[in-house]
Amino acid sequence: MINKDTLRLVYRISRDLILVACAAAVYIGFKVAFNVFEFRNRTGFYCSDPDLWYPYKASSVPTKVLLWYICTLIPIGVFLVIEAKWSSGGIVRFFNFNFPIWIPATYNRMVQYVLGFYLQMSFMLLPKFFDAPHFLRPHFMAVCQPLIGPQNVSCAEITNPHQFITDYECRTDAGFTISQIQNVYFTFPSGHTSCSFYTAVYLVVYLQNRVRAKSFRELKLILQFLLLIMATSVGITRLQDHHHHGVDVIFGAILGSGIAIFANLSLQKLFPTVRDVTGFTNHGSDDQNHNNFEGIDIQRQQNPQQQQRSK
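The rules behind each value
- Residues numbered from 1 in each chain as written.
- Predicted model: local features only at pLDDT ≥ 70, side-chain atom pairs only at ≥ 80, totals over all residues.
- Heavy atoms only, no water.
- Helix = DSSP H or I, 4+ residues; strand = E, 2+ residues; numbered from the N terminus.
- Contact = heavy atoms within 4.5 Å.
- Areas by Shrake-Rupley, 256 points an atom, 1.4 Å probe, with all protein chains shown as cover.
- Axes fitted to C-alpha atoms, helices over the stretch in contact; angles between N-to-C directions.
- Parallel < 35°, antiparallel > 145°, perpendicular 65-115°, else oblique.
- Nonpolar A, V, L, I, M, F, W, Y, C, P; charged D, E, K, R; others polar.
- Disulfide = S-S within 2.5 Å.
- Expected span 1.5 Å × (residues − 1).
- Buried < 20%, exposed > 50% of the residue type's maximum accessible area, 1.4 Å probe, protein only.
- Phe/Tyr/Trp six-rings, centres within 6.5 Å; stacked < 30°, edge-to-face > 60°.
- Left-handed = near helix turned anticlockwise from the far one by under 90°.
- pLDDT = per-residue confidence, 0-100.

Caption draft 1: Highlighting the overall build of the chain. The number of helices and strands found in the chain is nine helices and eight strands. Intrachain contacts of the chain at a sequence separation of at least 6 include 82% that bridge at least 24 residues. When the accessible surface of the chain is split by element, carbon and sulfur atoms take 62% of a total near 16,800 Å².

Structure representation (structure tokens):
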């Protein structure tokens, strides 16, 4: 017969999956909308605008590297190492299986992180639905190569380069894919910068709150510094590769950082877990801390001497 603790855990995991699925559904809905609606020629431009005449360059940090390595593997590695090191001793029973405390603790951190990540992705996509003259990528001219008016003339052939152009078509025979052509309209904000700063700031705040041992203070500061350098480097590459303007990168950094702080401070209330035991402590005296996982009693691991005394 399934006990109440197991039922609570099943309910908790089911609830977590539903929350993450809802957040993911919002993001996927935005992505689907980009494919359903027609976004070609969604905003005009000036042929004399020097910010649109940069050459096209491939991304120094490809999207797959960003999502799989920076935003997935690094957080998982940090959570596993930190929770395995600093979680208090004990076990959680689930369907008659015993799990060390650091496993549900790591799970809890990952659920918070993933939920915040999808929120960040949704807020990042939202501005891309709105028209604005400055929502064109710096390599717009190189990729779109617009054919203007019914005569399909180029910018070099128009008589007034300061005229605001709205009647144009992007060339589809210039060696760029349809996806690359449509992507020239989605510059604000920088998704790469937003994602990298979300990951970096989330981990910086997490390390600050989780690791308080004085002997690890210098190592913690170094890790936090490296995380921020990583995120900043990603933002700089978006400028060097001519994929974004400065305002895109700055707003992306603010957006990612803000949601990371929100996820650390506010979302944590939705996910009660074992009480954080930071630094080096005597876990044998933690019974008074009432550690629990959604009301699940934690069975403390006893050493052989304690087991003999209890007998």
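Caption draft 2: Quick look at the packing of helix α2 (residues 63-86) against helix α6 (residues 191-210). For the pair α2 and α6, the least separation of the axes is 10 Å and the interaxial angle reads 5°. Compared by their axis directions, α2 and α6 come out roughly parallel. Facing Thr 63, Leu 66, Ile 70, Cys 71, Ile 74, Pro 75, Val 78, Phe 79, Ile 82, Glu 83 and Trp 86 of α2, the residues of α6 in contact are His 192, Cys 195, Ser 196, Thr 199, Tyr 202, Leu 203, Tyr 206, Leu 207 and Arg 210. Residues of the contact of α2 with α6, tallied by class, amount to 14 nonpolar, four polar and two charged.

Caption draft 3: Broad picture of the state of the cysteines. Following the criterion strictly, the structure yields two disulfides and no others. Ordinal numbering of bonded cysteines along the chain defines a disulfide pattern of 1-3, 2-4. Cys 71 takes part in no disulfide bond, and the closest cysteine sulfur to it belongs to Cys 195, at a distance of 4.9 Å.

Caption draft 4: Helix α3 (residues 102-125), seen in detail. Given a rise of 1.5 Å per residue, 24 residues ought to cover 34 Å, and the 34 Å separating the end C-alpha atoms of α3 matches this to within 8%. Across the 24 residues of α3, 17 count as buried, placing the element largely inside the fold.

Caption draft 5: Structural view of the packing of aromatic side chains. Under the defined criterion, the tally for this structure stands at 18 aromatic pairs. Centroid distance Tyr 113 to Phe 117: 6.3 Å. Interplanar angle 25°. Geometry classified as stacked. Within this pair, Tyr 113 and its partner Phe 117 are both found in helix α3, separated by four residues, close to a single helical turn. In terms of burial, Tyr 113 and Phe 117 fall into one category: buried. Through a chain of ring-to-ring contacts, three or more aromatic side chains come together here, namely Tyr 27, Phe 79, Tyr 113, Phe 117, Tyr 118, Tyr 198, Tyr 202 and Tyr 206.

Caption draft 6: The environment of Trp 53, seen in detail. Tracing the backbone through its elements, the reader meets Trp 53 in the loop between β1 (45-46) and α2. Sequence spacing of Trp 53 and Pro 138 is 85 residues, and the spatial spacing of their C-alpha atoms is 6.3 Å. Setting aside residues up to four positions removed in sequence, Trp 53 forms contacts with Cys 47, Pro 138, Met 141 and Cys 155.

Caption draft 7: Layout of α6. The terminal C-alpha atoms of α6, which comprises 20 residues, lie 28 Å apart, in line with the 28 Å expected from a rise of 1.5 Å per residue. The buried count for α6 comes to 18 of 20 residues, which makes it a mostly enclosed element.

Caption draft 8: Quick peek at the environment of Leu 255. For Leu 255, the location among the structural elements is in helix α8 (residues 246-265). When its relative accessible area of 14% is taken as the criterion, Leu 255 is described as buried. For Leu 255 and Phe 197, which are 58 residues apart along the polypeptide, the C-alpha to C-alpha distance reads 8.3 Å. Ignoring any residue separated from it by four or fewer positions in sequence, one finds Leu 255 in contact with Gln 120, Phe 123, Met 124, Pro 189 and Ser 194.

Caption draft 9: View of the packing of α3 against α6. Viewed as axis vectors pointing N to C, α3 and α6 meet at an angle of 150°, and their least axial separation amounts to 10 Å. Classified by the angle their axes make, α3 and α6 are roughly antiparallel. Taken as a pair, α3 and α6 cross one another with a handedness that is right-handed. Facing α3, whose interface residues are Arg 109, Gln 112, Tyr 113, Gly 116, Phe 117, Gln 120, Met 121 and Met 124, α6 presents Gly 191, Ser 194, Cys 195, Tyr 198, Thr 199, Tyr 202, Tyr 206 and Arg 210. Across the contact of α3 with α6, the residue classes tally to eight nonpolar, six polar and two charged.

Caption draft 10: The confidence of the model for the chain, seen in detail. When the pLDDT values of the chain are averaged, the result is 81; 77% of them are 70 or greater. The low-confidence segment residues 274-307, where pLDDT is below 50, has 75 contacts with residues more than four positions distant or belonging to other chains.

Caption draft 11: Structural view of unusual backbone geometry. The step from Phe 188 to Pro 189 runs through a cis peptide bond, and the omega angle for that step is -10°. Within the element layout of this structure, Pro 189 appears in the loop between α5 (178-182) and α6. The backbone of Gln 145 shows a phi angle near 45°, a positive value even though the residue is not glycine. Among the secondary structure elements, Gln 145 is positioned in the loop between α4 (140-144) and β4 (147-148). Judged by relative accessible area, which is 26%, Gln 145 ranks as partly exposed. One non-glycine residue, Asn 152, lies in the positive phi region at around 55°. Looking at where Asn 152 falls in the secondary structure, it is placed in the loop between β4 and β5 (164-165).

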